[in-house]
Amino acid sequence: MSVAAVSLPVRIYRGWFNMIRHLLPPTLYFFVAFNLISLTTDLLVHDYWFRLSSFVLASTTALVVGKVVLVVDKVRLIDKFRGAPLIQPILYKTIFYSLVVLIVRFLEKLVHFALDTGGFGGSFQAEVEAFTWHRFVAVHLWIFICFLIYVTASELNALVGDGQLKRLFFHHRSSEYRLTRRQHIRALIEISRLAENTPREQLLDSATPQGMRLITLIDRLRKRQPV
């Protein structure tokens, strides 16, 4: 078997794996958020603990939103405010995501009405006029709020380093995290000084004092030991 024949299935697998890994977090987040909103609404308005129709609608909407996030993140326009103060990319991405989801939901409703009425005739117009637009708008307001929370968490995670928020919430004490950050800063400053004042050959040679110090700093950063 040739290398190209072997690498093709591997590329396909990696592509699907990366797509699912990108799709899963927003889908799970919106699945939980929308079902909580649906549950509280049913409890307050209809006095129901559980309605299958509400669960299916919330879950389907979460899947649609997750796919929208997957597609929109491939568009360069989404990173227009990369590097700006956090409030700018957060609001921009929230509005961008919300508008795209609004368009998708609106087109989805139009297609649904057209299929149910057999076209875009009088029955279609009557179905559109009878549609509960206030519910549609209320749902989208919640979508906007959920996107605002999601984008804020995503931007903070990207700022502090991918996975650092998860470690901070579930693995490290906050005091240990602050200490680790100070240690990282000191280590990075020392590495920068070594790079400025040491020739490249000596810095990359583990037999020199500078090379040994560089290896020590990197090892301690990886193990989170005091520098």
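Owing to the predicted nature of the structure, the values given are computational and were not obtained by experimental measurement. (Residues numbered from 1 in each chain as written. Predicted model: local features only at pLDDT ≥ 70, side-chain atom pairs only at ≥ 80, totals over all residues. Heavy atoms only, no water.)

**Q** I keep staring at the packing of aromatic side chains and nothing clicks. Help me out?
**A** The geometry of two aromatic rings is summed up by the distance between their centres and the angle between their planes. Considering all chains together, one arrives at nine aromatic pairs under this definition. Taking 5.4 Å as the distance between ring centres and 45 degrees as the angle between the ring planes, the aromatic pair formed by Phe30 and Phe34 counts as tilted. Highlighted residues: Phe30 and Phe34, both in helix 1 (residues 3-46), separated by four residues, approximately one helical turn. Residue Phe30 is classed as buried on the basis of its relative accessible area, which comes to 0%. Take Phe34: its relative accessible area is 7%, and that puts it in the buried class. (Phe/Tyr/Trp six-rings, centres within 6.5 Å; stacked < 30°, edge-to-face > 60°. Helix = DSSP H or I, 4+ residues; strand = E, 2+ residues; numbered from the N terminus. Buried < 20%, exposed > 50% of the residue type's maximum accessible area, 1.4 Å probe, protein only.)

**Q** It is not clear to me how the nonpolar core should be interpreted in this structure. Could you clarify?
**A** If you look at the biggest cluster of nonpolar residues, it comprises 22 residues, and the most contacted ones within it are Phe30, Phe34, Val65, Tyr97 and Phe147. Contributing elements (two or more residues each) for this core: helix 1, helix 2 (52-72), helix 3 (87-117) and helix 5 (133-160). Setting aside its immediate chain neighbours within four residues, Phe34 contacts Ala58, Thr61, Ala62, Val65, Ile143 and Cys146. Judged by nonpolar contacts, the second largest core, of five residues, contains Ala187, Leu194, Leu203 and Leu217. (Core = buried A, V, L, I, M, F, W, Y, C linked by side-chain atoms within 4.5 Å. Contact = heavy atoms within 4.5 Å.)

**Q** Help me out: how do you make sense of the pattern of salt bridges in this one?
**A** Taken as a whole, this structure holds three salt bridges when the rule is applied. A salt bridge links Asp79 to Lys93; the nearest nitrogen and oxygen atoms lie 3.6 Å apart. Of this pair, Asp79 sits in the loop between helix 2 and helix 3 while Lys93 sits in helix 3, and the two are 14 residues apart along the sequence. Overall, Lys93 belongs to the buried group, its relative accessible area being 10%. (Salt bridge = Lys/Arg side-chain N within 4 Å of Asp/Glu carboxyl O.)

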